[in-house]
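# Descriptive analysis of the structure
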Amino acid sequence: MKIYVYGVYRDEVPYIKEWQDEHPEVTVETTTELLNEKSVQLAKGSDGVVVFQQKPYPDEALRQLALNGITKMSLRNVGVDNINHQLATELGFQITNVPVYSPAAIAEFSVTQALNLLRRTKEFYLKLAKGDYNWAPHIAKEMNKQVVGIVGTGNIGSTAAKIFAGFGAKVIAYSRHKNKELDGIVEYVSLEELYKRATIISLYLPHVPATDKMLNKETFSMMRDGVLLINTARGPLVDEEALIAALDSGKVGGAALDVMTGETKIFNQQIDEQSVDYNEFKNLVKRPNVLITPHIAFYTDQAIKNMVKMSLSANLDLITTGTSDKLVKF
């Protein structure tokens, strides 16, 4: 059996080798290239592929995989919104993801960024760079005095809720399904009530048609003046033009964005900010009350290990049994 792994980063290599040592019956070949119309031929002769990329998976690459008899695909991440679901189904693909690789990694980062906004760390760093070591006027706020609105209480949102509560914050939440583990920790409310009450709003939802631009001009208008926004989920959940307007008016007091709608133009590469064709990014990145990070909330050693080994094991399951407990149903 052979599994071909696309888009391999240096930090993934030790865990691929570790998995290979545990499964000597499987040949694992790798490339740093992403899956596309050209690199698809590298997998020829394989029984399955393991992939991870933020860019869309080209339709032609899927067709060529299928022509080569490869329809077992395992993603090393959660999101499947960059795959043509209809085409993949028509071609007979079985696709797995890693639905839970490290909720703590993303939850801890979102809380960290909320604290950075409250303590105004970016503003102080900008002052220090100019030799200004004065305290005032950048006085901070305390987490224990905040009302934190958690939108989505799945694995990550629930973990974040517990951490926020550990700091003494009042935690309210909206989710389609209530998590019994959060009894006594959070107060479930309607989404509209959450918008009206929260001083910090943190998103933990997938990007689907119902959540596209869920934070927009109308929903921002419901919020408290000076609300802080944390998005470590998916960029398209936020209407970035509306966010800019809300920051300009003071409706939003600060934002931490680990994901953006057009992030594939900028993240995970060396760029000249001014040359990027992405006006919303260029507007937001220069603001002292906006923290932009390149989709790194997941990026811990434990998460990478889990993503690599769980995706390889899922792919092996597809090859040997025809199914997997991580099979994605479109």
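Our subject in this report is the structure included herewith. (Residues numbered from 1 in each chain as written. Predicted model: local features only at pLDDT ≥ 70, side-chain atom pairs only at ≥ 80, totals over all residues. Heavy atoms only, no water.)

Judged by nonpolar contacts, the single largest core of 35 residues is most densely connected at Ile201, Leu203, Leu215, Phe220 and Leu243. In terms of residue count, the dominant contributor to this core is helix α9 (residues 240–249) (five residues). Leaving out residues up to four positions away in the same chain, Leu215 has contacts with Tyr195, Leu203, Phe220, Met223, Leu229, Leu237, Val238 and Asp239. (Core = buried A, V, L, I, M, F, W, Y, C linked by side-chain atoms within 4.5 Å. Buried < 20%, exposed > 50% of the residue type's maximum accessible area, 1.4 Å probe, protein only. Helix = DSSP H or I, 4+ residues; strand = E, 2+ residues; numbered from the N terminus. Contact = heavy atoms within 4.5 Å.)

Nonpolar side chains collect at one region of the surface, where Tyr125, Leu128 and Tyr133 lie side by side and expose about 380 Å² of accessible area between them. Its location among the elements puts Tyr133 in the loop between α5 (121–129) and β6 (147–151). (Patch = residues over 30% accessible without salt bridge, like charges linked within 9 Å, V, L, I, M, F, W, Y side chains within 5 Å. Areas by Shrake-Rupley, 256 points an atom, 1.4 Å probe, with all protein chains shown as cover. Salt bridge = Lys/Arg side-chain N within 4 Å of Asp/Glu carboxyl O.)

Pairing is parallel in the open sheet, where five strands are placed in the order β2-β1-β3-β4-β5. The sheet terminates laterally at β2 (27–30) and β5 (94–96), the two strands that pair on one side only. For this sheet, the mean angle separating the axes of adjacent strands, direction not counted, is 20°. Here three bridges tie strand β1 (residues 2–5) to strand β3 (residues 48–51), and the two strands are oriented parallel to one another. Within the sheet, the bridge partner assigned to Tyr4 lies in β3 and is Val49. With respect to the sheet, helix α1 (residues 13–22) is in contact with β1 and β2, its orientation differing from that of β2 by roughly 165°. (Pairing = 2+ DSSP bridges. Axes fitted to C-alpha atoms, helices over the stretch in contact; angles between N-to-C directions.)

Geometric descriptors of this kind do not, in isolation, establish any biological role.
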